[in-house]
Amino acid sequence: MPGLDDWTLQPAEVVQRIFEECGAKGPWRERIKEHFEEELKQPSVLEKLPWLNECPLHQLRAGQLVRYRCMVQDMLGKEFFSDVYEVTPDGASDGCSSRLLPGRYKDVVQCGPGENIDASGPNSQTGDRLVYYCVPVPGETDWVKQVYQEQQPHLAPASTSSGSARLKRPAVEDQAESMETEEAEGEGEERKKVRGEGWGASGSGGAGPTTASTSSTSTTSTTTPELNFPFPGMKGTPALVKIYEEESLTLNQVIEVVAILSVSPHLASSSSPSSSSIGVEEEGGVIGGDGDMETPGGHSASPASLVPRLHAILARPMAHTNPLLPADTTTTTTITTTTRDTMMKVLVEVCLGDSLAAEHLLCHLLSSVYCRQDVTVIGKYALNLSGVDGELQAAGYTPFLYGVLSSLVTQAHYLPLTLDTINKRVFVPKKDYQTDKLVSGYLQLPQHTHLLLDETQLSEGQVDRAGMANLTAIGNVITWQKVDYDFQFHTIEQLTNVPVLVMSEGKSMLPSDVEVRLQPREKNVELAKARVEALLSCPSTLSLLRIYLTAARLAPYTLTEEMQKVVQDDFMESRKDSGGEGLSAAGLHSLLVVARLVTLSYGETQLNRDLWETAKKMETERKARLPPPSSS
């Protein structure tokens with residue numbers, strides 16, 4: 001068996017060895033799959049594989065194994081390739097002197113000097129693989145990137161030998177990377193304020209101003225529209241992920257990929273509708289490559305130095321992207337009352353001394369869709385935090401709140417609802433049939449991305465037709481947790497699981513599950529910043545809170561028969577005492593959601609009477625703050 005460093009840097013040699021042992025007609029594909037799966041079960045192997053997200057491409061070797069966490073942004077269908085191809089010497093008239101080679105996990109097939117490739121010979125075999133266009137996880141917060149960066153293995157200098165050539169980009173691409181998109185400016189000064197001045201924390205601990213992570217600046221990336229990121233200004237390395245098994249991947253799914261890196265500079269340049277889907281390297285030259293599945297201008301036309309190709313050995317969904325927790329969600333994480341108390345102290349300061357708003361904000365942070373019954377979406381807790389008046393807006397309250405939340409959760413995005421954003425930006429993804437791309441939009445988000453909508457930025461003006469469509473799309477996410485993607489001739493419904501927090505002065509124009517009227521004890525945002533910074537100054541405390549939010553959200557929950565009877569009795573009593581005008585069915589559903597989230601926040605998995613009473617009290621106090629409904 002080759003050593004660890006050998007086979008992870010040159011996995012193609014393992015493929016070749018197993019192919020030769022089994023023969024072209026033997027079970028070599030199954031043997032390769034079993035071999036890699038067995039090796040990747042070892043944590044020591046995974047820990048030595050570099051993350052493509054955090055590592056510049058020029059530091060990696062062509063053909064080595066890498067890891068990549070990403071969102072499936074577009075599904076490109078099947079691509080045909082030469083699974084087994086035949087190589088014959090020049091002038092050979094019989095097949096006795098020919099040899100068979102595997103083409104799996106390659107974009108370019110090779111032969112030596114004086115040899116010819118026959119990809120359509122009688123002994124050749126054609127295979128197919130699924131191709132996905134994937135992007136770095138949208139909304140992934142800076143501290144997550146930083147922790148993954150700290151976990152990155154030490155990389156040996158890339159060799160300049162032909163077996164592991166160091167990757168270099170043309171100067172024109174380096175120049176393109178240095179250019180910044182103009183679109184990011186269109187979101188207004190508020191976005192800049194959040195990014196540059198909002199409170200945050202980098203790394204696994206320590207409070208400080210929000211800054212871009214190391215990976216954002218070092219990773220081979222560009223913000224040109226061709227990379228099809230959901231947000232303007234988003235950075236990172238997209239990739240074409242090629243999967244050889246019938247994996248049940250879905251659009252917007254967050255996955256972890258272990259793959260062989262392919263960055264041949266000939267892939268995009270040789271792409272054409274009539275070319276083979278796998279190139280041929282002959283005496284140092286390459287014929288064909290990356291074609292036959294997309295129209296010119298599609299994703300395969302992107303240079304491999306910007307959009308590398310990843311031949312997946314392993315592709316699996318990620319239940320979460322928290323690097324402080326194991327990927328195995330069955331692993332139990334203990335949640336203590338002390339941790340919850342610390343979290344509440346932070347959120348009370350974030351809510352300027354309002355403990356009731358802090359309780360509901362914690363419920364919002366732990367919410368997640370866990371069931372759908374017909375049109376009813378169960379588990380979501382879209383929160384409208386109203387009462388953000390002009391004084392708080394001038395003090396930068398919303399950027400402060402977003403900065404704290406983004407330093408605790410793994411995925412978040414701030415979206416100021418200005419007239420320009422509503423009327424001119426793309427919210428709903430749309431299929432472009434000329435380029436065969438799914439053009440991304442703000443609402444193409446992976447699950448568990450905390451979306452903060454700042455309605456306080458909205459000024460007087462006209463919302464046009466496109467703006468109304470965008471507002472409708474936001475409403476569909478909040479109410480139904482779905483987005484209807486525009487495929488021009490029809491729409492395709494995509495289910496979401498995105499917690500939405502709306503900041504507004506009065507009741508939001510957008511729907512919500514609950515409105516909580518903010519009642520600050522004092523409106524000193526700068527003092528609140530200092531207090532939060534003090535609470536999170538200990539790295540271990542910050543890490544503990546980050547683990548707490550993810551672990552509590554993923555924890556199991558059951559409603560016992562005993563508590564079902566208690567809930568039913570309370571519901572009937574409420575209707576009886578008010579002459580049938582008490583708690584409605586919708587109100588009961590909302591109360592049960594609150595009770596579930598309160599239970600999880602305490603680290604419990606079953607609702608009990610005390611927690612049920614706590615949930616009822618929270619709802620009673622919340623409703624008491626709201627102004628009475630108008631008679632009209």
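Residues numbered from 1 in each chain as written. Predicted model: local features only at pLDDT ≥ 70, side-chain atom pairs only at ≥ 80, totals over all residues. Heavy atoms only, no water.

### Examining the pairing of strand β5 (residues 125-135)
A regular strand carries its side chains on alternate faces of the sheet.
Point 1. Across the 11 residues of β5, eight count as buried, placing the element largely inside the fold.
Point 2. Note that strand β1 (residues 65-89) and β5 share 11 bridges and pair antiparallel. The partner of methionine 75 across the bridge, within β5, is tyrosine 132.
Point 3. Both β5 and strand β8 (residues 239-243) contribute to a ladder of five bridges, which runs antiparallel. Residue pairing for β8: leucine 130 is matched across the bridge by isoleucine 243. (Buried < 20%, exposed > 50% of the residue type's maximum accessible area, 1.4 Å probe, protein only. Helix = DSSP H or I, 4+ residues; strand = E, 2+ residues; numbered from the N terminus. Pairing = 2+ DSSP bridges.)

### A few points about empty space enclosed by the protein
Point 1. With the rule as written, the count across this model stands at six cavities of 30 Å³ or more.
Point 2. Computed from the structure, the largest cavity encloses a volume of approximately 70 Å³.
Point 3. The element best represented in the lining of the largest cavity is helix α17 (residues 539-554), accounting for three residues.
Point 4. Grouping the amino acids of the lining of the largest cavity by side-chain chemistry returns three nonpolar, four polar and one charged.
Point 5. The calculated volume of the second largest cavity comes to roughly 60 Å³.
Point 6. Around the second largest cavity sit His364, Leu365, Tyr402, Leu405, Val409, Ala412, His450, Leu451, Leu452 and Leu501, which together line it.
Point 7. If you list the elements that add at least two residues to the lining of the second largest cavity, you get α11 (355-366), α13 (397-406) and β19 (450-454).
Point 8. Here the lining of the second largest cavity takes three residues from β19, the largest share from any one element.
Point 9. Across the lining of the second largest cavity, the residue classes break down as eight nonpolar, two polar and no charged. (1 Å grid on protein atoms, 1.4 Å probe; cavity = no way out; pocket = protein on both sides within 12 Å on 5 of 7 lines; lining within 4 Å. Points joined across faces, edges and corners; volume = space filled by probe spheres on them. Nonpolar A, V, L, I, M, F, W, Y, C, P; charged D, E, K, R; others polar.)

### Section: the confidence of the model for the protein
Point 1. On average, the protein scores 83 in pLDDT, and the residues at 70 or more come to 80%.
Point 2. Taken as a whole, residues 269-277 scores under 50 in pLDDT and shows 25 contacts with residues more than four places along the chain or in a different chain.
Point 3. Confidence drops under a pLDDT of 50 for residues 282-296, and excluding neighbours within four residues, the segment shows 59 contacts in the predicted structure. (pLDDT = per-residue confidence, 0-100. Contact = heavy atoms within 4.5 Å.)

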